[in-house]
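Understanding the architecture of this molecule
Spelled out from the first residue to the last, the chains are:
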Amino acid sequence: MTAASAVLPKGYELHHLKSVASTNDKAADMALAGAPAGSIVMADLQTGGRGRLGRVWESPLGNLYASVILRLDCDLRESAGLSLLVGVALGEALSALGPSPLALALKWPNDILIGGAKTAGILLEGSGRRAGEAADFFVIGTGVNIRNAPAKAAYPVTCLMDEGFAPLAPVALLTAYIERLEIWLDRWRHDGFSRVREAWRDRAFGLGERVRLRLAGEEIEGLFVDLTEGGALLIEQTDGRCREVTAGDVIYPHR
Ligand code: BTN
């Protein structure tokens, strides 16, 4: 493992591996062993990359796989906002590096789409937490399809190279992302979630449209009315009742 911090903002340290099962798992092990906030595990490839809800995250060479350890005074409920914050930061980094205009959108809870196809995913995991209790640490994992999108997926997928980006080294994207992440964490600490919410809504995929959602044990349809103050989806169901959704998958708006 090599450690290099020169290109990253102050307080961040990069641990760059050739291969690992999952950068999230490695970062969690390091956090448990006392690694400080700002430690980043990045790998050229993963052999057991994980996505949300126990899914596999295909992780061949050429893409970005990185996990950042954060130690924040934040509990389970607030971590929903943290996950949206990460999407805003990564979205800004991609927009700055990509062609202009770039049809980038944030799909709740934390996918990044380009031209309506998934390009990046975020897996935020916390430790030692119960609702209302601060987590000991968070691991924020990000996977960005730079050169390769999965050959088979249940939804549209793409990669940066197919969306008009110039060749991009994973570490260059990581640096741009961490710079934006640090800026947004600072805003969050000072101003709370409201600015994150505003920035997220500006790029929200499907806002104001009918969406289908897969929740634990049921599927619902409704109008994606807004993002709540706490980062949940506000859905108006066909019977006119509004419902706050805090966990689940937006399958897709009707387009
Ligand atoms: C998702 O969209 O389901 C989230 C995907 C998160 C993938 C990243 S790749 C780096 C980190 N390590 C993992 O095992 N998963 C995350």
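All of these numbers come straight from a predicted model, not from anything done at the bench.

This part takes up unusual backbone geometry. Residue S100 is joined to P101 through a cis peptide bond whose omega torsion reads 0°. One can find P101 in the loop between α2 (79–97) and β5 (104–107). A cis amide bond links W108 to the next residue, P109, at an omega of 0°. Tracing the backbone shows P109 in the loop between β5 and β6 (111–114). With phi around 55°, L53 is a residue other than glycine that occupies positive phi space. Position of L53 relative to the elements: it lies in the loop between β3 (39–46) and β4 (64–70).

This part covers the packing of aromatic side chains. For the structure on display, the rule yields zero aromatic pairs. Positioned above the aromatic ring of W184 is the side chain of R187, whose terminal nitrogen or guanidinium carbon lies 4.4 Å from the ring centre.

Turning our eyes to something else, we now look at the confidence of the model for the protein. Overall, the prediction assigns the protein a mean pLDDT of 90, with 92% of residues at 70 or greater. Looking across the protein, the model is least confident in strand β1 (residues 2–4), with a mean pLDDT of 47, and most confident in β3, with 98. Every residue in residues 2–6 is under pLDDT 50, and counting partners more than four places away or in other chains gives ten contacts.

Taken together, 20 residues form the shell around the ligand, and within it S22, Q46, R50, R52 and K118 come nearest. T23 is positioned with one of its side-chain polar atoms (N or O) 3.1 Å from a nitrogen atom of the ligand. One of the side-chain nitrogen or oxygen atoms of K118 is found 2.5 Å away from an oxygen atom of the ligand. Considering the ligand on its own, with 420 Å² of exposed area, one finds that the protein chains cover 99% of that surface. Listed by contribution, the elements that provide at least two residues to the shell around the ligand are α1 (23–32), β4, β7 (117–126) and β8 (138–144). The leading source of residues in the shell around the ligand is β7, at four residues. A breakdown of the residues in the shell around the ligand according to their chemical character gives five nonpolar, eleven polar and four charged.

Structurally, S59 is set in the loop between β3 and β4. Among the residues examined, S59 registers a relative accessible area of 9% and is labelled buried. Of the polar contacts made by the side chain of S59, one reaches the side chain of Q46; its length is 3.0 Å. Within the structure, the side chain of S59 is placed 2.7 Å from the backbone oxygen of W57, a separation counted as a polar contact.

Attention now goes to the pattern of salt bridges. Pairing is possible between side chains that carry opposite charge, provided their charged atoms lie close to one another. Within this structure, the stated rule accounts for 14 salt bridges. Note that D191 and R195 form a salt bridge whose closest N and O atoms lie 3.2 Å from each other. Salt bridges here are not isolated pairs; linked through shared partners, they connect R197, R201, D226 and E229.

Attention shifts here to the packing of α2 against helix α4 (residues 194–202). Close contact between α2 and α4 brings their axes to 9 Å; oriented N to C, the two are set at 50°. Between α2 and α4, the angle is such that the two are oblique. By crossing handedness, the relation of α2 to α4 is classed as left-handed. Of α4, the residues touching α2 (which contributes G81, L84, L85 and V88) are V196, A199 and W200. Taken together, the residues of the contact of α2 with α4 sort by class into six nonpolar, one polar and no charged.

Here we take up the packing of α2 against helix α3 (residues 170–191). The geometry of α2 relative to α3 is characterised by a closest axis approach of 8 Å and an angle of 135° between their N-to-C directions. Taken together, the axes of α2 and α3 are oblique relative to one another. You can see that α2 and α3 cross each other, and the crossing is right-handed. Across from L82, L85, V86, V88, A89, L90, E92, A93, L94 and L97 in α2, the residues of α3 making contact are L173, A176, Y177, R180, L181, W184, L185 and W188. A class-by-class count of the residues in the contact of α2 with α3 yields 16 nonpolar, no polar and two charged.

What counts and what doesn't
Residues numbered from 1 in each chain as written. Predicted model: local features only at pLDDT ≥ 70, side-chain atom pairs only at ≥ 80, totals over all residues. Heavy atoms only, no water. Helix = DSSP H or I, 4+ residues; strand = E, 2+ residues; numbered from the N terminus. Phe/Tyr/Trp six-rings, centres within 6.5 Å; stacked < 30°, edge-to-face > 60°. Lys NZ or Arg CZ within 6 Å of the ring centre and 35° of its normal. pLDDT = per-residue confidence, 0-100. Contact = heavy atoms within 4.5 Å. Near = heavy atom within 4 Å. Polar contact = N/O pair within 3.5 Å; in protein donor to acceptor, adjacent residues only side chain to side chain. Areas by Shrake-Rupley, 256 points an atom, 1.4 Å probe, with all protein chains shown as cover. Nonpolar A, V, L, I, M, F, W, Y, C, P; charged D, E, K, R; others polar. Buried < 20%, exposed > 50% of the residue type's maximum accessible area, 1.4 Å probe, protein only. Salt bridge = Lys/Arg side-chain N within 4 Å of Asp/Glu carboxyl O. Axes fitted to C-alpha atoms, helices over the stretch in contact; angles between N-to-C directions. Parallel < 35°, antiparallel > 145°, perpendicular 65-115°, else oblique. Left-handed = near helix turned anticlockwise from the far one by under 90°.

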